[in-house]
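Observations on chain architecture
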Amino acid sequence: MHALRQEVLPPSGVEFATSLKLTPSTLVELPTPPNATTRHEFAARVLCNLVIARSSILRIFEVREEPVVPQVDDERERKKAQKGSEAVEGEVAMDEQGEGFVNIAKSSGQSVDVAVRTTTKFYLVREHRLHGIVTGMEGVKIISTLGDKLDRLLVSFRDAKIALLEWSTAVHDLITVSIHTYERAPQLMSLDSSLFRAELRVDPHSRCSALSLPKDAFAILPFYQSQAELDVMDQDQTHIRDVPYAPSFILDLPASVDQNIRNIIDFVFLPGFNKPTIAVLFQTQQTWTGRLKEFKDTTQLVIFTLDI
């Protein structure tokens, strides 16, 4: 196998990143350390999970907010600076507002609420070497999210595959919910399809995802979001929990949307619509600096809605 491909150094850096609530720790506060003082009883909590990917390496982090425990030397310096300058009870002094009194609560040693300083830290949870090159990564909400309040991870690969992953508390790791492959789609049968880089986009309301394919086409994967959608499909709840998505399909944009759509530059799902809405930026006639006299302003934008 090394005769075909040999990796000298593992991938470094970050190419794709997404934040989501993937692990159950994002839903509860972490226990307070046993040595925490009254002033630092602030419990650390996991704000979210950060998933990053580069080539075939995927890493999962916890983003934690923790209290900053003051150092012993800092406490000594603070006490030394305050020694001899503390206000005496009954002493009158002009403050900045000119009210003419001092805070007796502070001078008499009474308890005063002190803001707790916090810091944000990253903790590595898992690292995986995947069997493929990652080309996209997004967080999605499926019908199971209504029960456990956790997001799922959608990952796309260079060979036109999509994997739906979720966190398992039993194995304390990611498990595969489903894998969707489009390697045998007609758009991938051309000789130059290996040079194409598929891109993944997800609807802001997690109603579906779109994977770009060669020949100006999208692979659409719809997700169930409510019990009403399940009732329409006339399937039992147990089966849908194992299969939280509807059958995927390939959308040929020139044939189904607009015959002028060619050479797609970028596409994105637009928020705030009742149905999944996609904006596609494309160039029917490609041009460059040397041909601006013949072809200029060739970029167009098309917005259309998916009826799924």
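Please read these numbers as outputs of a predicted model, since none were measured by experiment.

**Notes on the overall build of the protein chain**
Secondary structure summary: the protein chain contains six helices and 15 strands in total. Once local pairs closer than 6 in sequence are excluded, the contacts in the protein chain between residues at least 24 apart make up 57%. In the form shown here, the protein chain has an accessible surface area of approximately 19,400 Å², with 52% of it arising from carbon and sulfur atoms.

**Some remarks on the side chain of Glu65**
With respect to the secondary-structure elements, Glu65 resides in strand β3 (residues 57–67). Given the relative accessible area of 15%, Glu65 is considered buried. At 2.8 Å, the side chain of Glu65 forms a polar contact with the side chain of Arg45. Among the polar contacts made by the side chain of Glu65, one reaches the side chain of Thr118 at a distance of 3.3 Å.

**Some details on the sheet that holds strand β15 (residues 299–305)**
With antiparallel pairing, the three strands of this open sheet are ordered in space as β13-β14-β15. Whereas interior strands pair on both sides, the edge strands pair on one side only; in this sheet they are β13 (264–269) and β15. Pairs of neighbouring strands in the sheet enclose a mean axial angle of 15°, with direction left out of account.

**Re the nonpolar core**
If you look at the biggest cluster of nonpolar residues, it comprises 19 residues, and the most contacted ones within it are Val140, Leu154, Ile162, Tyr182, Leu211, Leu213 and Phe223. Elements with a minimum of two residues in this core: β7 (161–168), β9 (200–202), β10 (208–213) and β11 (217–222). With three residues, β11 is the largest single contributor of residues to this core. Aside from chain neighbours lying at most four places away, what touches Tyr182 is Ala160, Ile162, Leu188, Leu211, Ala219, Ser248 and Ile250.

**As for the pattern of salt bridges**
Enumeration according to the criterion identifies 14 salt bridges in this entry. In this structure, Glu65 engages Arg45 in a salt bridge whose closest nitrogen and oxygen atoms are separated by 2.8 Å. With a gap of 20 residues between them, Glu65 in strand β3 and Arg45 in strand β2 (residues 45–54) connect regions that are remote in the sequence. Taking the relative accessible area as the measure of exposure, Arg45 reaches 35% and is therefore partly exposed. Note that Arg201 is salt-bridged to Glu199, the shortest N-O span being 3.1 Å. Connected via shared salt-bridge partners are Asp148, Arg152 and Glu166.

About the cut-offs
- Residues numbered from 1 in each chain as written.
- Predicted model: local features only at pLDDT ≥ 70, side-chain atom pairs only at ≥ 80, totals over all residues.
- Heavy atoms only, no water.
- Helix = DSSP H or I, 4+ residues; strand = E, 2+ residues; numbered from the N terminus.
- Contact = heavy atoms within 4.5 Å.
- Areas by Shrake-Rupley, 256 points an atom, 1.4 Å probe, with all protein chains shown as cover.
- Buried < 20%, exposed > 50% of the residue type's maximum accessible area, 1.4 Å probe, protein only.
- Polar contact = N/O pair within 3.5 Å; in protein donor to acceptor, adjacent residues only side chain to side chain.
- Pairing = 2+ DSSP bridges.
- Axes fitted to C-alpha atoms, helices over the stretch in contact; angles between N-to-C directions.
- Core = buried A, V, L, I, M, F, W, Y, C linked by side-chain atoms within 4.5 Å.
- Salt bridge = Lys/Arg side-chain N within 4 Å of Asp/Glu carboxyl O.

Taken by themselves, the reported measurements are silent on function.
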